[in-house]
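One-letter residues, chain by chain:
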Amino acid sequence: MPELSRRDALRMTAGMAVLGTLGLTGCGRENATTAAKASARPVDDSPATGTVSVWAAQGDANVLDKVIKPFRAANPDATVTFTLIPNAEYYTKLQSAIAAGKGPDLAQFFPESQAQFLDPSTLRPVPEGLVAPDDFFTSLWDAGVVGGVAYTVPWYAYTYALVYRSDLARKAGVEAPTTWGATVPFLKALQGAGATRGLGADIGWDVFNGQDVAMYAWQAGGSLVSSAGRWTLNTPAMVDALEYNASFFTSKAADTGGPAFLDAQPYFVSGKTAAMITGPWVIGQLDTAAGKSGWTASHVATAPLPAGASGRVSFAAGGSWGVPADSGNADAAWKLVRYLTRPSSQVAQYRAYSSLPAVASAWNDPAIKGQPLLDAYFTQLKSTRAFPRVGTWQQVATRLGKEMEAVAKGRQSAAKAAANIQAYAESVGTGTK
Amino acid sequence: MTTTLAPATRETTATTKAAPRTAARTRRTAVAWLFLAPFTLLFLLYTAIPAVAALGFSLTDLRGADLRTPLAVNFTGLDNYLRLFQDDSFLRDIGNTALFVAAGVPLTMGVGFTLALALDSGIQRLRGALRTVFFAPVVTNVVAAALIWQYAFHPDGTVNQALAAVGLAGPNWLDDPDLAMPVVVLLGVWRNFGTAMVLFLAGLQAIPRDVYEAAALDGAGRWRQLRYITLPLLLPTTLMVSVLLTVFYLQVFDEPYLLTDGGPLGSTESVALYTYHQFGAGQFGMSSAASFVMLVLVAVVSVVQFRLLRSRT
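A quick note: this is a predicted structure, and the numbers were derived from the prediction, not measured.

Attention now goes to the overall build of chain A. Of the regular secondary structure elements, chain A holds 18 helices and twelve strands. Its C-alpha atoms give chain A principal-axis dimensions of about 80 × 65 × 45 Å. Within chain A, counting contacts between residues at least 6 apart in sequence, those at least 24 apart form 77% of the total. For chain A, the exposed area adds up to about 18500 Å²; of that, 53% sits on carbon and sulfur atoms. Put simply, chain A has 36 plus and 33 minus side-chain charges, and the middle of one group is 4 Å from the middle of the other.

Scanning chain B from terminus to terminus reveals 13 helices and zero strands. Overall, chain B shows an N-to-C arrangement of helices and strands of α-α-α-α-α-α-α-α-α-α-α-α-α. Buried residues in chain B amount to 40% of all 313 residues. Partitioning the intrachain contacts of chain B with sequence separation of at least 6 by distance along the chain shows that 69% fall at a separation of at least 24. A total of about 17200 Å² of accessible surface is found on chain B, and carbon and sulfur atoms cover 70% of it.

All names here are of chain A. For chain A, the assigned domains read domain 1 (3–158 + 316–377) and domain 2 (161–314 + 392–428). Taken together, the contact between domain 1 and domain 2 spans ten residues of the former and 17 residues of the latter. Between domain 1 and domain 2, roughly 990 Å² of surface is buried when both sides are summed, and carbon and sulfur atoms account for 71% of that area. Here domain 1 and domain 2 share zero salt bridges between them. Our enumeration of links across domain 1 and domain 2 arrives at four residue pairs in polar contact (both at pLDDT 80 or more).

A cluster of like positive charges, contributed by Arg21(B), Arg25(B), Arg27(B) and Arg28(B), occupies part of the molecular surface. Among the secondary structure elements, Arg28(B) is positioned in helix H1 (residues 2–57).

Residues and elements named next belong to chain B. At a closest axis distance of 9 Å, the pairing of helix H3 (residues 88–121) and helix H10 (residues 235–250) adopts a crossing angle of 145 degrees. Considering how the two elements wind past one another, H3 and H10 form a crossing that is right-handed. Facing H3, whose interface residues are Thr-97, Phe-100, Val-101, Gly-104, Val-105, Thr-108 and Met-109, H10 presents Thr-238, Val-241, Ser-242, Leu-245, Thr-246, Tyr-249 and Leu-250. When grouped by side-chain class, the residues that make up the contact of H3 with H10 number eight nonpolar, six polar and no charged.

Summed over all chains, the structure comprises 40 aromatic pairs over all chains. On the basis of an interplanar angle of 85 degrees and a centroid distance of 5.3 Å, the ring pair of Tyr164(A) and Phe186(A) is categorised as edge-to-face. Of this pair, Tyr164(A) sits in strand E7 (residues 161–165) while Phe186(A) sits in helix H7 (residues 180–192), and the two are 22 residues apart along the sequence. When its relative accessible area of 3% is taken as the criterion, Phe186(A) is described as buried. Put simply, the rings of Tyr160(A), Trp218(A), Trp231(A), Phe315(A), Phe387(A) and Trp393(A) pair up and form one aromatic cluster. Above the ring of Tyr267(A), the side-chain terminus of Lys272(A) is found at 4.4 Å from the ring centroid. If you follow Arg227(B) out to its NZ or CZ, it ends over the ring of Tyr228(B), 4.9 Å from the centre.

As a further point, take the sheet that holds strand E11 (residues 317–322) of chain A. All names here are of chain A. Pairing within the open sheet is mixed, and its five strands lie in the order E2-E1-E3-E11-E6. Because the sheet does not close on itself, it has two edges, and the strands there are strand E2 (78–85) and strand E6 (153–158). For this sheet, the mean angle separating the axes of adjacent strands, direction not counted, is 20 degrees. Two strands pair when backbone bridges link them, and strand E3 (residues 106–109) and E11 are joined in this way by three bridges, in the antiparallel orientation. Looking at E11, one finds that Ala-107 is bridged to Gly-322. Here helix H4 (residues 87–99) sits on the sheet and contacts strand E1 (50–57), E2 and E3; the angle it forms with E1, its principal contact strand, is near 135 degrees.

Calculation rules
- Residues numbered from 1 in each chain as written.
- Chains lettered and ligands numbered in written order.
- Predicted model: local features only at pLDDT ≥ 70, side-chain atom pairs only at ≥ 80, totals over all residues.
- Heavy atoms only, no water.
- Helix = DSSP H or I, 4+ residues; strand = E, 2+ residues; numbered from the N terminus.
- Contact = heavy atoms within 4.5 Å.
- Areas by Shrake-Rupley, 256 points an atom, 1.4 Å probe, with all protein chains shown as cover.
- Lys, Arg positive; Asp, Glu negative; His and termini not counted.
- Charge placed at Lys NZ, Arg CZ, Asp CG, Glu CD.
- Buried < 20%, exposed > 50% of the residue type's maximum accessible area, 1.4 Å probe, protein only.
- Domains from an automatic or database assignment.
- Buried area = accessible area lost by both parts, 1.4 Å probe.
- Salt bridge = Lys/Arg side-chain N within 4 Å of Asp/Glu carboxyl O.
- Polar contact = N/O pair within 3.5 Å; in protein donor to acceptor, adjacent residues only side chain to side chain.
- Patch = residues over 30% accessible without salt bridge, like charges linked within 9 Å, V, L, I, M, F, W, Y side chains within 5 Å.
- Axes fitted to C-alpha atoms, helices over the stretch in contact; angles between N-to-C directions.
- Left-handed = near helix turned anticlockwise from the far one by under 90°.
- Nonpolar A, V, L, I, M, F, W, Y, C, P; charged D, E, K, R; others polar.
- Phe/Tyr/Trp six-rings, centres within 6.5 Å; stacked < 30°, edge-to-face > 60°.
- Lys NZ or Arg CZ within 6 Å of the ring centre and 35° of its normal.
- Pairing = 2+ DSSP bridges.

Quick look at the structure:
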C-alpha cells in the first residue's frame with residue numbers, strides 16, 4: 001500500500017468533504033409550498049382490519065392497551081401493537097424512523113412541539129369527516145393545522161393554571177389574583193402567612209420557561225409570529241412579559257436558586273413555596289408528596305392565570321395523534337384515532353391515567369366534573385392558543401428560556417433580551433428555506 | 001567470460017533467495033492487516049467518515065427538519081463558521097473552555113503529583129490501599145459522581161451544612177455564575193487526579209534509587225533531591241500527563257453537562273457543550289462547524305505540546 005503524503009491526505013480529505021457536500025446539495029431543495037396537499041380518502045364505519053403499529057411516549061400512553069379493549073372487541077380482525085418510548089428520546093427516534101421510511105402506522109405527538117412534523121411528506125392529512133374539529137378545544141385542534149390542512153387529531157389536553165396553598169391564603173386573607181398587578185402582592189401575602197417564598201418558579205431556563213414567557217407575551221397582547229410568517233418577538237408585549245416574569249424574582253417572591261424540578265412538590269407541601277404556575281398533573285401528586293391522603297383537598301386551591309393587558313390566555317398542550325405518510329394501514333389507524341377521541345374513550349383515559357380530555361364535552365362527565373381543583377384548568381383551556389406552527393419554534397423557545405434567566409437575575413434588561421431573541425429567531429428562520 | 005557471468009550468477013542467487021523472503025513479508029503484512037482490520041473498520045466507520053461528513057455538513061444549512069429530506073440542503077460555504085465567530089455565546093464558551101484548561105490542568109496535576117510523591121516516599125505500607133482509594137473517582141460512574149456533587153452543593157446540601165456548623169451561611173453554589181465554574185472544575189479535578197497520580201507514581205518508581213542515595217551522600221536534602229533529581233527525571237511523564245489533561249479539558253463535556261448544563265447564564269458552557277446544544281436545537285450545520293473548530297483547536301494544542309515533549313526529552 002503506497003504511503004500517503006501529508007498533502008495527499010489533505011487533498012483526499014478535502015475531496016471527500018466536497019463530494020459529501022455536493023452529494024447533499026445536488027438535488028436542491030424542493031420548495032415545500034409546492035408539495036401537493038394530498039386529500040385523504042374518507043374513513044368508513046366498517047371494522048378495522050390488519051395490524052396497526054402505534055408509537056407513543058411513555059406516560060399517558062402507558063394505559064392505552066387497557067383503554068382500547070372495547071376497540072379490540074369491536075374490531076376482531078385488527079391487531080394493535082404498541083411501542084412505548086421514553087419521553088426524552090421519543091421525537092428523536094420517531095424522526096429517525098420516519099426519515100428512514102420505517103415509522104409506525106400511528107404516532108403520538110405533542111401539540112406544543114409537533115410543528116416540525118406538520119408536512120405532507122411526513123404526515124397524512126386528517127380525512128374529512130373523521131372527527132368534528134369543533135368537538136376539541138380550539139387551540140389544540142389549531143396546533144395541528146398548517147396551511148389550512150389538519151395533520152393531527154388532539155388526544156388529551158393540559159394547560160397551566162395557578163396552584164396555591166389555600167390554607168396560607170386564608171390565613172393571609174387574600175383571594176387568588178386575577179390580574180398581573182395583583183400577582184406579586186398575592187405571592188408576598190402568602191409569604192407573610194408563613195411560606196419562605198410565595199412562588200416556586202420554574203428555574204430550568206429552558207424550552208418550558210420560553211413557553212411561559214410566550215404565554216405572558218400573549219397575555220400582554222403580543223404575538224410571536226406575524227400573519228406574514230415573520231418572527232415578532234422584539235415587541236413591547238414581549239418586554240412586558242419578560243419584566244413580569246422577572247418581577248417574581250426581583251420582588252423576592254421567588255428565588256432564582258430554586259426549587260429545582262424534583263424539589264417543586266416537596267417544597268410546596270412543606271411550605272417553602274406557596275404557589276406554582278403549572279399543569280394539572282401536579283394535583284394528583286401532592287397527597288403522595290405530603291404522605292397524607294386528603295392533604296390536597298384541605299390545603300390547595302387552583303385559579304386561572306392572572307390576566308395581563310390582553311387577558312388571561314395560556315397555551316394549549318397535551319397529546320395528539322398523526323398518521324405517518326408511509327403508514328401501511330392508514331385506514332385502521334384513523335379508525336383507532338376516531339375511537340380514542342370519543343367522549344367515552346376520553347373519560348376512560350382520564351380514569352386510567354388522569355389524562356384530561358381534549359374533547360370539551362367529556363369534561364361534563366361526573367368523574368371529571370366532580371373534581372373542583374380541575375375547574376380552573378377547564379376555564380383556562382377555553383382561553384388558550386397554539387404555539388407557532390413553525391419548525392424552529394422549539395429552538396427559539398429554548399433560547400428565550402436562556403435570555404429570561406439573564407433578565408430574572410438582573411444581568412440584562414428585558415428590552416435587550418427581546419432584541420436578542422428576535423435576532424436569534426431571525427437567524428434560525430422559521431424552518432422553511 | 002568470468003566478468004560477464006559473475007553478476008548474472010549473483011543476480012540469480014539473489015532472486016532465488018529474495019523470493020521466499022518477499023513471500024514471508026507479504027504474509028506478515030497480510031496478517032498485520034488482518035489484525036488491524038477490526039480497528040481500522042471501526043475507526044473508519046465511527047471516526048474518519050463521520051469527521052469528514054461533519055466537515056461537509058458544516059458547509060451546509062442542514063437542520064433537524066432536513067432528516068426527512070437529507071438530500072435537500074443548501075451549500076452555504078463558510079457561513080456557519082462566520083456565524084459561529086459572530087455568536088457571543090460561542091466566543092464566551094471558548095473563554096470558558098480556556099478557563100477549564102487553565103484551572104483544571106495545573107490543579108489536577110498538582111493534586112496527582114503531590115499524592116504520588118506521598119505514596120512513593122512516605123506511606124509505603126498503605127500504598128496499595130491508598131492508591132485504590134485515590135483512583136476510585138476515575139472509575140466512578142460520572143452520572144453518579146455528578147449527582148453526589150449536585151447534592152453536596154445544593155443550597156441545603158452537605159457543603160452548606162458544614163458551613164452552617166461553623167456559623168457561615170453557604171451560597172447557592174450552582175446558581176451563582178461566579179461560583180459554578182469552580183465547582184465544575186473541582187469535579188473535573190476530582191475525577192482525573194487519580195489518573196495523573198498513577199502516571200506520576202509509575203514515573204517516580206522508574207527513577208533509580210541509587211541516584212537519590214548518591215545525592216544524599218553528597219549532602220542533598222529532600223527539597224534539593226526533588227528540585228534537581230525528581231522533577232528533571234519526571235519531565236517526560238509530566239509533559240505526557242499535561243498533554244492528556246489538556247486534551248481532556250479542551251473537550252470537557254460530562255462535568256458541565258451533568259452538573260449545570262452550561263448554566264447559570266452560560267458561565268460553565270464549554271465548546272463541546274455548545275456543539276451538543278446546537279445539535280439538540282437542530283442546527284446540524286452550526287453544530288458540525290463548532291465541532292470542527294474544536295477538532296482544529298485540540299489538534300493544534302496537541303501538536304504544540306507534542307513538539308515540546310519531543311524537544312525536551
